[in-house]
Amino acid sequence: MPLPLRLLAMACAFTAMVAFAVVLAQLTLDPSPASVSIAHTNLHPGATLKIYLDQPAFRDAVKQIGGNILLGVPFGILVPVLAPGARSVLRVLALTAIVMLLVELAQGALVTGRAFDVDDVILNTSGALVGWLLLGRRLGRAVHARKRKA
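Residues numbered from 1 in each chain as written. Predicted model: local features only at pLDDT ≥ 70, side-chain atom pairs only at ≥ 80, totals over all residues. Heavy atoms only, no water.

Draft legend 1. The arrangement of the overall build of the chain in detail. Scanning the chain from N- to C-terminus turns up five helices and zero strands. Across the chain, helices and strands are ordered from the amino to the carboxyl terminus as α-α-α-α-α. Each principal axis of the C-alpha distribution contributes one length, and for the chain these read about 60 × 25 × 25 Å. Here the chain holds 150 residues, and the buried ones make up 35% of them. When contacts within the chain are restricted to residue pairs at least 6 apart in sequence, those whose partners lie at least 24 apart make up 78%. In the structure as shown, the chain presents an accessible area of about 9200 Å², 70% of it carried by carbon and sulfur atoms. (Helix = DSSP H or I, 4+ residues; strand = E, 2+ residues; numbered from the N terminus. Buried < 20%, exposed > 50% of the residue type's maximum accessible area, 1.4 Å probe, protein only. Contact = heavy atoms within 4.5 Å. Areas by Shrake-Rupley, 256 points an atom, 1.4 Å probe, with all protein chains shown as cover.)

Now the structure itself:
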């Protein structure tokens, strides 16, 4: 891909990442005083997923699990475009897990009515995998083609 197109793609990806960061902050770091009595810290992988799946309303489980997965998808798509050194699936997943871990720690420590939940980190990171598989891998390769050795 010619340099001007690569720069344009990276600028668009950067703009999308900033917009996503704003949405992520609004969704996850907005205080929820009404939830203070039900918010609980979860350090056991799968515990909250079990609660979601045991709910009588299947729609609520889909909303909670699907929403957390969807929050990770933009990372899987945008990171390979923005950071050529982080195009591999393991690097995308590691970066996503670190960012989401920091978000969860901030929620648990600083935000009223929110709590740290390891299952959210797992679901968000799974969403990044989905984004990488669907689009991120191809976009990363298109924007940052590997240089062939002569």
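Draft legend 2. Expanded view of the packing of helix α1 (residues 3-28) against helix α3 (residues 58-82). With their axes 10 Å apart at the nearest point, α1 and α3 run at an angle of 155° to one another. Of the possible angle classes, the one that applies to α1 and α3 is roughly antiparallel. The interaxial crossing formed by α1 with α3 has left-handed handedness. Between α1, through Ala 9, Met 10, Ala 13, Phe 14, Ala 16, Met 17, Phe 20, Leu 24, Leu 27 and Thr 28, and α3, the contact on the second element is made entirely by Leu 71, Pro 74, Phe 75, Leu 78, Val 79, Val 81 and Leu 82. (Axes fitted to C-alpha atoms, helices over the stretch in contact; angles between N-to-C directions. Parallel < 35°, antiparallel > 145°, perpendicular 65-115°, else oblique. Left-handed = near helix turned anticlockwise from the far one by under 90°.)

Draft legend 3. Expanded view of the pattern of salt bridges. According to the stated counting rule, one finds one salt bridge in the structure shown. Linking Lys 50 and Asp 54 is a salt bridge whose minimum nitrogen-to-oxygen distance equals 2.8 Å. Taken together, the residues span about one helical turn, with Lys 50 and Asp 54 both in helix α2 (residues 47-54) at a distance of four residues. Comparing Lys 50 with Asp 54, the two get one shared label, exposed. (Salt bridge = Lys/Arg side-chain N within 4 Å of Asp/Glu carboxyl O.)

Draft legend 4. Inspection of the environment of Gly 108 at higher detail. Secondary-structure assignment places Gly 108 in helix α4 (residues 89-110). With a relative accessible area of 42%, Gly 108 lands in the partly exposed category. Separated by 68 residues in the primary sequence, Gly 108 and His 40 place their C-alpha atoms 8.9 Å from one another.

Draft legend 5. Geometry of the nonpolar core. One finds Met 17, Phe 20, Leu 24, Phe 75 and Val 79 to be the most contacted residues of the largest nonpolar core, which totals 20 residues. Only α1, α3, α4 and α5 (118-143) provide two or more residues apiece to this core. Among the elements that take part in this core, α3 stands out by supplying seven residues, more than any other. With sequence-adjacent residues up to four places away left out, Leu 24 is seen in contact with Leu 29, Leu 71, Met 100 and Val 103. (Core = buried A, V, L, I, M, F, W, Y, C linked by side-chain atoms within 4.5 Å.)

Draft legend 6. Representation of a nonpolar patch on the surface within the structure. On the surface, a cluster of nonpolar side chains totalling about 370 Å² of accessible area is made up of Ile 98, Leu 101, Leu 102 and Leu 105. Topologically, Ile 98 is positioned in helix α4. (Patch = residues over 30% accessible without salt bridge, like charges linked within 9 Å, V, L, I, M, F, W, Y side chains within 5 Å.)

Draft legend 7. Highlighting the confidence of the model for the chain. Within the chain, residue pLDDT values average 88, and 95% of them lie at 70 or more. Here α2 is the element of the chain with the lowest mean pLDDT, 87, and α5 is the one with the highest, 94. (pLDDT = per-residue confidence, 0-100.)

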